[in-house]
Amino acid sequence: MLDSEIRDNAEAKRYELPVDGEIAVVTYNLSPPNLMITETLVPEKLEGRGIASRLAKHVIEDARARGLLILPVCPFFAGYFQKHPEHADVVHPTYRQILGLQ
């Protein structure tokens, strides 16, 4: 289920989640059918609250709904997929192999 507080700012090529006057973001490059996730940034004062994971879940569901394959260049996303292999279906096959999600 998509998180209604997270928005895809396509012009800036990033997903945004405003929290307590700060904005956590996931930056990307879109070249259908591929969605390359390049960086996840959570302001320091928001760390430790599960915000990056909340963003990851939203991005994964959005990619799935749009028929996109994720290229997790971002270290956080690569690690997230390794911890949550049940989402391997949205990972590009090359990255599945690299991350051991076979």
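Positions within a chain are numbered from 1, following the residues in the order the chain's sequence is written. pLDDT decides what is reported in this predicted model: residues at 70 or higher carry local features, side-chain atom pairs at 80 or more are listed and counted, and totals for whole chains, interfaces and linings draw on all residues regardless. Side-chain calculation: all heavy atoms of the structure are included, whereas hydrogens and water are not.

Trainee: How do you make sense of helix α1 (residues 51-66) when you look at a structure like this?
Mentor: Every α-helix carries 3.6 residues per turn, so stepping three or four residues along brings you back to the same face. A run of DSSP states H or I qualifies as a helix once it reaches four residues; a run of E qualifies as a strand once it reaches two. Both are numbered from the N-terminal end. Under the convention used throughout, the expected extent of a helix is 1.5 Å for every residue step, that is, one less than its residue count. Across its 16 residues, α1 extends 23 Å between first and last C-alpha, which sits within 8% of the 22 Å expected from 1.5 Å per residue. Classification of residues uses two cut-offs on accessible area relative to the type maximum, computed with a 1.4 Å probe and protein chains only: under 20% is buried, over 50% is exposed, and between them is partly exposed. Buried within α1 are the following residues: I51, A52, L55, A56, H58, V59, I60, D62 and A63. Residues count as neighbours in contact if any of their non-hydrogen atoms are within 4.5 Å of one another. Looking at the buried side of α1, the elements it contacts are β1 (7-9), β2 (14-19), β3 (22-31), β4 (34-41), β5 (69-72) and α2 (75-83). Trailing α1 by a residue or two, G67 shows a phi angle of about 70°, which is positive.

Trainee: What exactly am I supposed to notice about the pattern of salt bridges here?
Mentor: Oppositely charged side chains can form a pair if their charged atoms are brought close together. By definition here, a salt bridge exists when the distance from a side-chain nitrogen of Lys or Arg to a carboxyl oxygen of Asp or Glu is within 4 Å. Across all of its chains, the model carries 10 salt bridges by this definition. As a salt-bridge pair, R54 and E5 come within 3.4 Å of each other at their nearest N and O atoms. Taken together, the residues span a long stretch of sequence, with R54 in helix α1 and E5 in the segment before β1 at a distance of 49 residues. According to the relative accessible area criterion, R54 is partly exposed, its value standing at 27%.

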